[in-house]
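Fold and contact review
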Number of protein chains: 2
Amino acid sequence: MVGLRHAGNPRIPDTTVRRLPVYLRVLSELSGRQQEVTSAELAERTGYSSEQIRKDFAYFGALGTRGVGYRVDLLQRQIRSILGLDRPIPAAVIGAGNLGTALARYSILQDRDIQVVALFDVDPRRVGTDIEGVKVYPTEELPAVVRQLGIRMAIVAVPPEAAQAVVDAAVRAGVTAFLNFSPVKLQAPRHVHIQNIDLSLELQSLAYYVSARSLP
Amino acid sequence: MVGLRHAGNPRIPDTTVRRLPVYLRVLSELSGRQQEVTSAELAERTGYSSEQIRKDFAYFGALGTRGVGYRVDLLQRQIRSILGLDRPIPAAVIGAGNLGTALARYSILQDRDIQVVALFDVDPRRVGTDIEGVKVYPTEELPAVVRQLGIRMAIVAVPPEAAQAVVDAAVRAGVTAFLNFSPVKLQAPRHVHIQNIDLSLELQSLAYYVSARSLP
């Protein structure tokens, strides 16, 4: 199945892209139970507004029928296709310390769409071991292994001072999407997408809810 | 210094709260170098629009001067106070496996605002050990330790099937804010805030950028 966006669809905004997996999760809960779903039902289950949902779906040409809504199976297929999840995506975890190991294990055991096929680490004690059957390679072999296994996505879980160098090497070898857990702003060419998870920012915004709601 | 929001300010929307730590980071980079900053400069450094920034700041009464902007030091103090960061916040990490250990270590070493003062785990081999000097307690002692150390914030890094029970226990002991890494939807009373980091959703939305941008 050819991704719909490759047929000349306009580019979908990042904010819409981030909501698509949430729709997918709700649709997967609904599938088998009902054939159609309205934007109002999706709004109740996702917390987004009906208007937002209809607008998001219109980006890839999914138009609901008034009073009936959207076909659950069709919508699932469309969203999976838009996201490129119609076939498994080979991914790497760079850094096999506590965080990298936890992320790799989680992804290997829970995720069928993203397949972690390699980990990388500089520590000789970790190299050659495996996490749930997936091998830890030396970081110096990253370019060769990325090319060989066709890896296009990477999770970055190395110390901040090492992050830019591993991203540079991975980009040169063909990786175009990164999930970065290192607390550092990474540079990359325009065609590369870096999504950052910054624990400090998360905890600082969470602090608001500690003090705001726990005072009498 | 009394938090500004306690003086009868309207509640700040969640979306604004999530931007406040980003402003704080930029202001901290600017402080010492310049005394004032315009919303246009902040827009350039954060990626948010000037209109959005002025609107965010107006929630807590920070009004810029036309052509001059905002005072960097004052704005920093106001945002820290709004977030409740004017004194350290004692926090716990629940689950001392790979993920919990990595998160605790990161937070202990990098974060001065949030102080991880305890970890909890059910595994007797982990209980009694320490992570960077912070003790791992048995999960059954969570209520007592949370009360004793005045813990109000917790990072949840336990297997999904254990998450709801530890959150229930922590809420009863007084925790009001959670950062949840378990892939499960947690229930909590209305006064409790739960921020979820869901690796599957992050990776699925990231998949869009693999296929969309790497095809010719």
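Calculation rules
- Residues numbered from 1 in each chain as written.
- Chains lettered and ligands numbered in written order.
- Predicted model: local features only at pLDDT ≥ 70, side-chain atom pairs only at ≥ 80, totals over all residues.
- Heavy atoms only, no water.
- Helix = DSSP H or I, 4+ residues; strand = E, 2+ residues; numbered from the N terminus.
- Buried < 20%, exposed > 50% of the residue type's maximum accessible area, 1.4 Å probe, protein only.
- Contact = heavy atoms within 4.5 Å.
- Areas by Shrake-Rupley, 256 points an atom, 1.4 Å probe, with all protein chains shown as cover.
- Axes fitted to C-alpha atoms, helices over the stretch in contact; angles between N-to-C directions.
- Left-handed = near helix turned anticlockwise from the far one by under 90°.
- Nonpolar A, V, L, I, M, F, W, Y, C, P; charged D, E, K, R; others polar.
- Least-squares fit on C-alpha atoms with pLDDT ≥ 70 in both.
- Buried area = accessible area lost by both parts, 1.4 Å probe.
- Salt bridge = Lys/Arg side-chain N within 4 Å of Asp/Glu carboxyl O.
- Polar contact = N/O pair within 3.5 Å; in protein donor to acceptor, adjacent residues only side chain to side chain.
- Phe/Tyr/Trp six-rings, centres within 6.5 Å; stacked < 30°, edge-to-face > 60°.
- Lys NZ or Arg CZ within 6 Å of the ring centre and 35° of its normal.
- Pairing = 2+ DSSP bridges.
- Domains from an automatic or database assignment.
- Parallel < 35°, antiparallel > 145°, perpendicular 65-115°, else oblique.
- Expected span 1.5 Å × (residues − 1).
- Core = buried A, V, L, I, M, F, W, Y, C linked by side-chain atoms within 4.5 Å.
- pLDDT = per-residue confidence, 0-100.
- Right-handed = clockwise from strand over helix to strand, strands pointing away.

**A short note on the overall build of chain A**
In terms of helices and strands, chain A carries 8 helices and 9 strands. Classification of the 216 residues of chain A by burial places 52% in the buried group. Contacts in chain A between residues far apart in sequence, at least 24 positions, make up 56% of those at least 6 positions apart. As displayed, chain A has an accessible area near 10400 Å², and 50% of this comes from carbon and sulfur atoms.

**Let's talk about the packing of helix 6 (residues 142–149) of chain A against helix 7 (residues 160–173) of chain A**
All names here are of chain A. Where helix 6 meets helix 7, the axes come as close as 9 Å, and the angle between the chain directions of the two elements is 35 degrees. Our pair here, helix 6 against helix 7, has a crossing hand that is right-handed. Judged by residue contacts, L142, P143, V146 and R147 of helix 6 engage A169, A170, R172 and A173 from helix 7. A class-by-class count of the residues in the contact of helix 6 with helix 7 yields 6 nonpolar, no polar and 2 charged.

**So, the relation of the copies chain B and chain A**
Superposition record for chain B on chain A: RMSD 0.0 Å, screw rotation 180 degrees, translation along axis 0.0 Å. With respect to symmetry, the two chain copies, as superposed, fit the operation of a two-fold axis. Within chain B, N98 of chain B has its C-alpha nearest the rotation axis, a separation of 2.3 Å. A share of 100% of the interface residues of chain B reappears at the interface of chain A, consistent with the copies meeting face to face through the same patch.

**Re the interface of chain B and chain A**
Taken together, the contact between chain B and chain A spans 61 residues of the former and 61 residues of the latter. Taken over both partners, the interface formed by chain B and chain A buries close to 6000 Å², and the fraction arising from carbon and sulfur atoms is 61%. Between chain B and chain A we count 4 salt bridges in total. Note that D198 of chain A and R25 of chain B form a salt bridge whose closest N and O atoms lie 2.8 Å from each other. Where chain B meets chain A, there are 20 residue pairs in polar contact (both at pLDDT 80 or more).

**Observations regarding the packing of aromatic side chains**
Residues and elements named next belong to chain A. Counting across every chain of the model gives 12 aromatic pairs over all chains. With 4.9 Å between their ring centres and 75 degrees between their planes, Y23 and F57 make a pair best called edge-to-face. Placement of Y23 in helix 1 (residues 14–30) and of F57 in helix 3 (residues 50–58) is noted, with a sequence separation of 34 residues between them. F57 matches Y23 in its accessibility class, with the two residues each being buried. Here a set of aromatic residues connected by ring pairs shows up, and it is made of Y23, Y48, F57, F60 and Y70. Over the face of the ring belonging to Y48 we find R19, whose NZ or CZ atom lies 5.7 Å from the ring centre.

**Topic: the sheet that holds strand 6 (residues 134–138) of chain A**
Strand pairing within a sheet occurs via backbone hydrogen bonds; the two strands may be parallel or antiparallel. Residues and elements named next belong to chain A. Spatially, the 7 strands line up as an open sheet ordered 5-6-4-3-7-8-9, and their pairing is mixed. The open sheet has two edge strands with one neighbour each: strand 5 (130–131) and strand 9 (193–196). With 6 bridges joining them, strand 3 (residues 89–94) and strand 4 (residues 114–121) adopt parallel strand pairing. Bridge pairing links P90 to Q115 in strand 4.

**Some details on the domain arrangement of chain A**
Along its sequence, chain A is carved into domain 1 (4–83) and domain 2 (89–201). The centre of domain 1 of chain A, based on its C-alpha atoms, is set 30 Å off from the matching centre of domain 2 of chain A.

**Overview of the packing of helix 1 (residues 14–30) of chain B against helix 3 (residues 50–58) of chain B**
All names here are of chain B. Relative orientation of the contacting elements helix 1 and helix 3 amounts to 105 degrees, with a least axis distance of 11 Å. The orientation of helix 1 relative to helix 3 falls into the category roughly perpendicular. Residues T16, R19 and Y23 of helix 1 form the contact with helix 3, whose participating residues are Q52, I53, D56 and F57. Here the contact of helix 1 with helix 3 is built from residues that sort into 3 nonpolar, 2 polar and 2 charged.

**Some remarks on helix 4 (residues 72–83) of chain B**
Residues spaced three or four apart along an α-helix point in a common direction, a consequence of the helix completing one turn every 3.6 residues. All names here are of chain B. Taking 1.5 Å per residue as the helical rise, helix 4 with its 12 residues ought to reach 16 Å, and the 17 Å between its terminal C-alpha atoms agrees with that figure. Within helix 4, the full set of buried residues consists of V72, L75, Q76, Q78, I79, S81, I82 and L83. Trailing helix 4 by a residue or two, G84 shows a phi angle of about 80 degrees, which is positive.

**Examining the nonpolar core**
Residues F57, I79 and M153 of chain A together with F57, I79 and M153 of chain B are the most contacted members of the largest nonpolar core, which totals 102 residues. Once residues within four sequence positions are removed from consideration, M153 of chain A is found in contact with I89, P90, A91, A92, I114, V175 and A177 of chain A together with L203, L206, A207 and V210 of chain B. Counting residues in each nonpolar core, the second largest holds 24 residues, with A118, V145, V158 and L186 of chain A among its members.

**What about the side chain of D56 of chain A?**
Residue and element names in this part refer to chain A. Along the chain, D56 turns up in helix 3. Within polar-contact distance, the side chain of D56 engages the side chain of T16 at 2.9 Å. Looking at D56, its side chain comes within polar contact range of the side chain of Y23, at 2.6 Å. With residues near it in sequence (within four places) discarded, D56 still touches T16, R19 and Y23.

**Here's the deal with the confidence of the model for chain A**
Residues and elements named next belong to chain A. On average, residues of chain A score 89 in pLDDT, and 93% of them are at 70 or above. Segment residues 1–9: pLDDT under 50, and 21 contacts once partners within four positions in sequence are set aside and those in other chains are kept. Here the predicted complex scores 0.82 on pTM and 0.86 on ipTM.

**Regarding the pairing of strand 7 (residues 153–156) of chain B**
Residue and element names in this part refer to chain B. Burial of the side chains of strand 7 extends over both faces: M153 and I155 are buried on one face and A154 and V156 on the other. Alignment of strand 3 (residues 89–94) against strand 7, held across 4 bridges, turns out to be parallel. Note on strand 7: the bridge partner recorded for A92 is A154. Alignment of strand 7 against strand 8 (residues 177–180), held across 4 bridges, turns out to be parallel. Considered in strand 8, the bridge of I155 is made with L179. The parallel pair strand 7 and strand 8 is bridged by helix 7 (residues 160–173), and the resulting crossover is right-handed.

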